[in-house]
Amino acid sequence: MSGTSIINMLKIQYNDSYNMLKEFVRVCPDDLWRAENHGLPLWNHVAHSLCGTAFWLRTDYNSDLEWYFPFPESVKDKLEKDEWCRPEEGFMTKEQVNVCFDILDKKLDEFWSSLNDDMLGNKLLEQFDFTYLSAITSQIRHIMCHVGMCSAALIENGFDEVKWIAYGEG
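These figures come from a predicted structure and were not determined experimentally.

A. Spotlight on the nonpolar core. Ranked by size, the top nonpolar core spans 49 residues in total, and within it Phe-24, Val-46, Leu-50, Met-92, Trp-112 and Ile-136 carry the most contacts. The element best represented in this core is helix H6 (residues 132-156), accounting for nine residues.

Have a look at this one:
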């Protein structure tokens, strides 16, 4: 693979998934955004995916994660504990989620710039066998799982699916 780093290829694949999540936020109708779909609110899929990335794609695994998202007070505790919210408990607006995307974009820039190919096999936590490679690839799969559920909800409700983004195209 002359000239192309594995980290760069992983970053492209991660960003494609992440951008599909952003695209869902952009196209999801407001009434569907707040509604339960098969027992889970759609906005919560997005927030849950962002929390997963914030937890797993970071530069310091030796200290507790400091949550840096400005979650609404009504759902903050549940989101930070990785629990699902019921509609009557509150929700995040698209604008609030987009603020989280902006914050995470900066954190992801730090994360990606801190890595090189030689680090991919390094363990993140002493007590577990998780490596940078496993954390990155699991987050790609995690985001795509939730994009798929959100896209299915769009289709079930008569809307177009989330636009497919691949190979780093805009």
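B. Spatial organisation of the environment of Tyr-68. Within the secondary structure, Tyr-68 is located in the loop between helix H3 (42-56) and helix H4 (73-80). With 32 residues separating them along the chain, Tyr-68 and Cys-100 place their C-alpha atoms 8.5 Å apart. With sequence-adjacent residues up to four places away left out, Tyr-68 is seen in contact with Ala-54, Ile-103, Leu-104 and Lys-107.

C. Local environment of empty space enclosed by the protein. For the coordinates displayed, the defined rule picks out one cavity of 30 Å³ or more. If you add up the space inside the largest cavity, you get close to 30 Å³. Together, Asn-44, His-48, Cys-51, Leu-79, Asp-82 and Glu-83 line the largest cavity. Here the lining of the largest cavity gets three residues from one element, more than from any other, and that element is H3. Looking at the lining of the largest cavity residue by residue, the class counts come to two nonpolar, two polar and two charged.

So, how was this worked out
Residues numbered from 1 in each chain as written. Predicted model: local features only at pLDDT ≥ 70, side-chain atom pairs only at ≥ 80, totals over all residues. Heavy atoms only, no water. Core = buried A, V, L, I, M, F, W, Y, C linked by side-chain atoms within 4.5 Å. Buried < 20%, exposed > 50% of the residue type's maximum accessible area, 1.4 Å probe, protein only. Helix = DSSP H or I, 4+ residues; strand = E, 2+ residues; numbered from the N terminus. Contact = heavy atoms within 4.5 Å. 1 Å grid on protein atoms, 1.4 Å probe; cavity = no way out; pocket = protein on both sides within 12 Å on 5 of 7 lines; lining within 4 Å. Points joined across faces, edges and corners; volume = space filled by probe spheres on them. Nonpolar A, V, L, I, M, F, W, Y, C, P; charged D, E, K, R; others polar.

Spatial relationships are all this shows, so hold off on functional conclusions.
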